[in-house]
Amino acid sequence: MRILIDADACPVVGIAVDVARRFGVPVTLFCDTNHVLHSDYADVRVVGAGRDAVDLALINACARGDAVITQDYGVAALALGKGAQALHQDGWAYTDGNIEIKLMERHLAAKARRGKGKHHLKGPRSREQGDDLRFADALEQLLRDAQGQPDRFV
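Residues numbered from 1 in each chain as written. Predicted model: local features only at pLDDT ≥ 70, side-chain atom pairs only at ≥ 80, totals over all residues. Heavy atoms only, no water.

### A word on the overall build of the chain
Then, number 1: Counting its regular elements, the chain contains five helices and six strands.
Then, number 2: Each helix (α) and strand (β) of the chain, taken in turn from the N terminus, gives the series β-α-β-β-α-β-α-β-β-α-α.
Then, number 3: Taking all 154 residues of the chain together, the buried fraction comes to 39%.
Then, number 4: Long-range contacts, defined here as pairs at least 24 residues apart, represent 45% of the contacts in the chain between residues at least 6 apart.
Then, number 5: On the chain, roughly 9000 Å² of surface is accessible, and the fraction owed to carbon and sulfur atoms is 53%. (Helix = DSSP H or I, 4+ residues; strand = E, 2+ residues; numbered from the N terminus. Buried < 20%, exposed > 50% of the residue type's maximum accessible area, 1.4 Å probe, protein only. Contact = heavy atoms within 4.5 Å. Areas by Shrake-Rupley, 256 points an atom, 1.4 Å probe, with all protein chains shown as cover.)

### Describing the packing of helix α2 (residues 53-61) against helix α3 (residues 73-81)
For any two helices packed against each other, one specifies the inter-axial angle together with the distance between the axes.
Then, number 1: Between α2 and α3, the shortest axis-to-axis distance is 10 Å and the interhelical angle comes to 15°. What the angle tells us is that α2 and α3 run roughly parallel. In this structure, the crossing between α2 and α3 has a hand that is right-handed. Every residue of α3 that contacts α2 at Asp55, Leu58 and Ile59 is listed here: Val75, Leu78 and Ala79. (Axes fitted to C-alpha atoms, helices over the stretch in contact; angles between N-to-C directions. Parallel < 35°, antiparallel > 145°, perpendicular 65-115°, else oblique. Left-handed = near helix turned anticlockwise from the far one by under 90°.)

### Quick notes on α3
Then, number 1: Here α3 has its buried residues at Tyr73, Gly74, Val75, Ala76, Ala79 and Leu80.
Then, number 2: Two or three places before glycine 74, at the opening of α3, aspartate 72 has a side-chain oxygen 2.7 Å from that residue's backbone nitrogen.
Then, number 3: Directly beyond the C-terminal end of α3, a positive phi value near 85° is found at glycine 83. (Polar contact = N/O pair within 3.5 Å; in protein donor to acceptor, adjacent residues only side chain to side chain.)

### A closer look at unusual backbone geometry
Then, number 1: With a phi close to 60°, alanine 9 is a non-glycine residue in the positive phi region.
Then, number 2: With respect to the helices and strands, the residue alanine 9 is situated in the loop between β1 (3-6) and α1 (13-23).
Then, number 3: Using a relative accessible area of 58% as the deciding quantity, one classes alanine 9 as exposed.
Then, number 4: One non-glycine residue, aspartate 52, lies in the positive phi region at around 65°.
Then, number 5: Secondary-structure assignment places aspartate 52 in the loop between β3 (43-47) and α2.

### What to know about the packing of aromatic side chains
Then, number 1: Scanning the model with the defined rule gives three aromatic pairs in all.
Then, number 2: Arranged with centres 6.0 Å apart and planes meeting at 70°, the rings of tyrosine 73 and tyrosine 94 form a pair that is edge-to-face. Taken as a pair, tyrosine 73 in helix α3 and tyrosine 94 in strand β6 (residues 93-94) lie far apart in primary sequence, 21 residues in all.
Then, number 3: Taken together through their ring pairs, the aromatic side chains of Tyr73, Trp92 and Tyr94 make up a single cluster. (Phe/Tyr/Trp six-rings, centres within 6.5 Å; stacked < 30°, edge-to-face > 60°.)

### Description of the sheet that holds β6
Think of a sheet as strands paired side by side through backbone hydrogen bonds, with each pair either parallel or antiparallel.
Then, number 1: With mixed pairing, six strands are arranged side by side in an open sheet as β3-β2-β1-β4-β5-β6. Since the sheet does not close on itself, it has two edges, and those belong to β3 and β6, each with one partner.
Then, number 2: With four bridges connecting them, β1 and strand β2 (residues 27-32) associate as parallel partners. Of the residues in β2, the one forming a bridge with aspartate 6 is phenylalanine 30. (Pairing = 2+ DSSP bridges.)

Right, dumping it as structure tokens:
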């Protein structure tokens, strides 16, 4: 198992790397030339700044059993299709049961933005400390499950 992170503007890169280090799981950060990152633990792959270049590089590297961290529903859907697990930066898992509705929501939002006149779609709310805690807990649980470790709350 590896953790692959869609790292452009991802607010949980540091948390994910810290958790992965504790579990001894390798991490690869994918970013474009506008968001060059550095890590003393993770492998950093810098991809050209073309549209969707980072997403395509991440999915091309993705394999069954990997964990993908992304806020992009399309990337998550492709990762699930390759047999990987996908986790949102807010700590919830993408699943075969929720990905279709997420893709439909994305489609409808894009359609509204393209429409004539003013649209009234809200952007994402501000990130809070609880979001980081939920993400860390979710990633830890995913890694415990993958390594066959018992739940820490048992």
